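# Notes for the structure review
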Amino acid sequence: MSNDQSTLDAARAAAPTLAAIADSFVGARRQGRALPGFPGEIPDDLVTAYRVQDMAIAKWPDQVVGWKVGFIAPERRDASGDERLLGPIFARQLQMTTGGQSAFQVFDGGFGAVEAEYVLRLDADAPADKTDWTPEEAAAVPSTLFIGMEVASSPLATINQLGPRVVVSDFGNNNGLVVGPEIPVWAERSDASLTCSTWIDGRQVGQGGATTLPGGLRAAFAFALSRSARRGRPLKAGDLIATGNATGIHDILPGQQARIDFDGHGSIECVATAATPKDEGDWRA
């Protein structure tokens, strides 16, 4: 038995109620079905919620290739002081688009939404022992910026209503990321120069840009660097960071079409489909 497996088994044995929450979310996601309610007691704090998330990541048979960042409203923060949260993005749920229409899955009967995203890719490893980052320090990390769209979806319809501890527990309410063209020399641009709008079925539902993100792109990047290092998961070259919803969180149902226009930098068009059970032949038990 590997050391990693031994550590995982010990963590699950020490907190069976947390492991049960993780298993419930993983099972529902694998089966493409909704959950009627939160599967257990909501974790007491974000640190505990990240323990659930880590257990779920360990059970999900795919590689983490990045992280979504979500903002936490001041009234919903806990003693950790975190202003944001993280959720994993997996390799099989990452789509690179060059302009054609893509399809993405949302949980029918659960929560489904799209978010305009500015997506950073690290081009060098972050120092593993640095656990506090300022926005200015984050901007100095070699990185490339892309336009993108987050698929925000969960088997739990009330995930956002129940709050950040629930969001963290279920992969940060993420079910995929679509990445489009690069935005050149992003570090030399002001956030105010990055604007975008979101459309669903031809109707504009949101408008904004990088300034919509509290503190801007650099603050979101700094949080991702800091929290990842504190979790023992320091960011590495190639990791993607979806910095947060730039026009809002826009509900979407299977069959509806989303388009996000990034002024001067291209657009992303996608159609929502209902989540389906995963092929057991491609997934471990």
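Bear in mind the structure is a predicted one, so any value in this text is a computation, not a measurement.

A separate point is the environment of Gly163. Looking at the secondary structure, you find Gly163 in the loop between helix H5 (159–162) and helix H6 (164–169). For Gly163 and Ile72, which are 91 residues apart along the polypeptide, the C-alpha to C-alpha distance reads 8.6 Å.

A few words now on the pattern of salt bridges. With the rule as written, the count across this model stands at 11 salt bridges. A salt bridge links Asp82 to Arg227, with the shortest nitrogen-to-oxygen separation between them at 2.9 Å. In this pair, Asp82 sits in the loop between strand S1 (64–71) and strand S2 (84–90) while Arg227 sits in helix H7 (residues 216–230), placing the two residues 145 residues apart along the sequence. Overall, the relative accessible area of 5% leaves Asp82 in the buried class.

Turning to the packing of aromatic side chains, a few remarks are in order. What the rule picks out here adds up to 5 aromatic pairs. Plain terms: the ring middles of Trp60 and Phe90 are 6.0 Å apart, the flat faces sit at 40° to each other, and that makes the pair tilted. Of this pair, Trp60 sits in the loop between helix H3 (46–59) and S1 while Phe90 sits in strand S2, and the two are 30 residues apart along the sequence. The two residues Trp60 and Phe90 agree in class, both being buried. An aromatic cluster of at least three residues, connected via ring pairs, comprises Trp60, Phe90 and Phe171. When the ring centre of Trp133 is taken as origin, the NZ or CZ atom of Lys130, which lies over that ring, is 4.9 Å away. The ring of Trp199 is capped by Arg259, whose NZ or CZ atom sits 4.8 Å from the centre of that ring.

Reading guide: rules and limits
- Residues numbered from 1 in each chain as written.
- Predicted model: local features only at pLDDT ≥ 70, side-chain atom pairs only at ≥ 80, totals over all residues.
- Heavy atoms only, no water.
- Helix = DSSP H or I, 4+ residues; strand = E, 2+ residues; numbered from the N terminus.
- Salt bridge = Lys/Arg side-chain N within 4 Å of Asp/Glu carboxyl O.
- Buried < 20%, exposed > 50% of the residue type's maximum accessible area, 1.4 Å probe, protein only.
- Phe/Tyr/Trp six-rings, centres within 6.5 Å; stacked < 30°, edge-to-face > 60°.
- Lys NZ or Arg CZ within 6 Å of the ring centre and 35° of its normal.

By themselves these figures say nothing about function.
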